[in-house]
Amino acid sequence: MGGPILNLLFFGDVVGKGGRRAVASITPQLRQKYNCQFVVANAENSACGAGLTQSSLKEMPGVDVFTAGDHVWDRKEFEQEINGIKNVIRPANLSKKQPGKGWDYFRNPVGGDVAVISLMGKVFMKDSAYCPFETVEEILKEIPITVKCIIVDFHAEATSEKLAMAHFLDGKVTAVFGTHTHVQTADARVSANGTAAITDVGMVGGNNSILGRSCEDVLRKFRIGMPCKLAVVEEDIRCDAVVLSYEMNTGKAVSLTPLSIMFDPDKEI
Ligand SMILES: [Fe+2]
Ligand SMILES: [Fe+2]
């Protein structure tokens, strides 16, 4: 009925060069270990810790689709680059005049298609976005019925907004993965209606850091309040991700396994 079970790997926000290197190295290993046929990564912090560029994405060849978030336009050149990159999805609930696309679907090499939708929250986010609930409702009407696996990256700050989205999409999509806080939450689950969800997947970034940035720099900013450069931590990278298993023929999730692995370039996982 549900057909074969397929596995999809999703990385939380990839931060800087250290994050890119870790993803490049660990993706083939995780593909093999968890038999993952498709890989998605949130790359909004992949270029120097803020934004994306074509060259930063090229350094992660094992990733099938990249998503973004509130930092999507931090690198000026990306405005020109994004329409030339087929596998990048930026938040859908932004102005239609912005370049790029908010969702698309992609062939899974072992069978079926995978739709990826990127949405941004409105609560405690600095950029104004359209209502993510209305936006995703419209997108779901446009996705062809033949596309069974639907992955939503909900890039948002407030746990309440992310839980509300998971509830709203329950039974309508395969998975709702929260990103943006860079801290993995302990609530990975699959609902009775076959939707997997986690409030935040976490990040691929420096373990001894504050959201991938130097603890000293961030602390100084909080204490003194002066604008200052927040150095990206490029070593001791923690790889936060989830492995989603789903039925190919129905798109229903069957399990969601959170991973949080310290990356050691000299060791296989
Ligand atoms: Fe981020
Ligand atoms: Fe973000």
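Everything here concerns the structure above.
What you are looking at is a predicted structure, and each value in this text was computed from that prediction instead of being measured.

Caption draft 1: Local environment of helix 5 (residues 159–168). Here helix 5 has its buried residues at Glu161, Lys162, Met165 and Ala166. Projected down its long axis, helix 5 carries its buried residues within an arc of 140°, all on one side. Those residues of helix 5 that are exposed and aimed more than 90 degrees away from the buried face are Ser160 and His167. Looking at the packing, one finds that the buried side of helix 5 touches strand 7 (113–120), helix 4 (132–142), strand 8 (149–155), strand 9 (175–179), strand 10 (189–190) and strand 11 (196–198).

Caption draft 2: Representation of the pattern of salt bridges. In this structure the tally under the stated criterion is 10 salt bridges. Its salt-bridge partner being Glu59, residue Arg20 comes within 2.9 Å of it at the nearest N-O pair. Remark: Glu59 occurs in the loop between helix 2 (54–58) and strand 4 (65–67) and Arg20 occurs in helix 1 (residues 16–33); sequence separation between them is 39 residues. Arg20 sits in the buried class, given a relative accessible area of 8%. For Asp104, the salt bridge is made with Lys101, and the minimal N-O distance between the two is 2.7 Å. Take Asp104: its relative accessible area is 22%, and that puts it in the partly exposed class. Among the residues examined, Lys101 registers a relative accessible area of 25% and is labelled partly exposed.

Caption draft 3: Looking closely at helix 1. Compared with an ideal rise of 1.5 Å per residue, which puts 18 residues at 26 Å, helix 1 spans 25 Å between its outermost C-alpha atoms and is within 8% of the ideal. Looking one or two residues past helix 1, Asn35 carries a phi angle of roughly 50°, positive in sign.

Caption draft 4: Structural context of the side chain of Asn93. Along the polypeptide, Asn93 turns up in the loop between strand 5 (88–89) and strand 6 (103–107). Relative accessible area serves as the criterion here: at 0%, Asn93 is assigned to the buried category. Reaching out from Asn93, the side chain makes a polar contact with the backbone oxygen of Met120 at a distance of 2.8 Å. When sequence neighbours within four positions are dropped, the list of residues in contact with Asn93 reads Leu119, Met120, Ala129, Tyr130, Cys131, Pro132 and Thr135.

Here is what the cut-offs are and how they apply
Residues numbered from 1 in each chain as written. Chains lettered and ligands numbered in written order. Predicted model: local features only at pLDDT ≥ 70, side-chain atom pairs only at ≥ 80, totals over all residues. Heavy atoms only, no water. Buried < 20%, exposed > 50% of the residue type's maximum accessible area, 1.4 Å probe, protein only. Helix = DSSP H or I, 4+ residues; strand = E, 2+ residues; numbered from the N terminus. Arc of directions from axis to C-beta. Contact = heavy atoms within 4.5 Å. Salt bridge = Lys/Arg side-chain N within 4 Å of Asp/Glu carboxyl O. Expected span 1.5 Å × (residues − 1). Polar contact = N/O pair within 3.5 Å; in protein donor to acceptor, adjacent residues only side chain to side chain.

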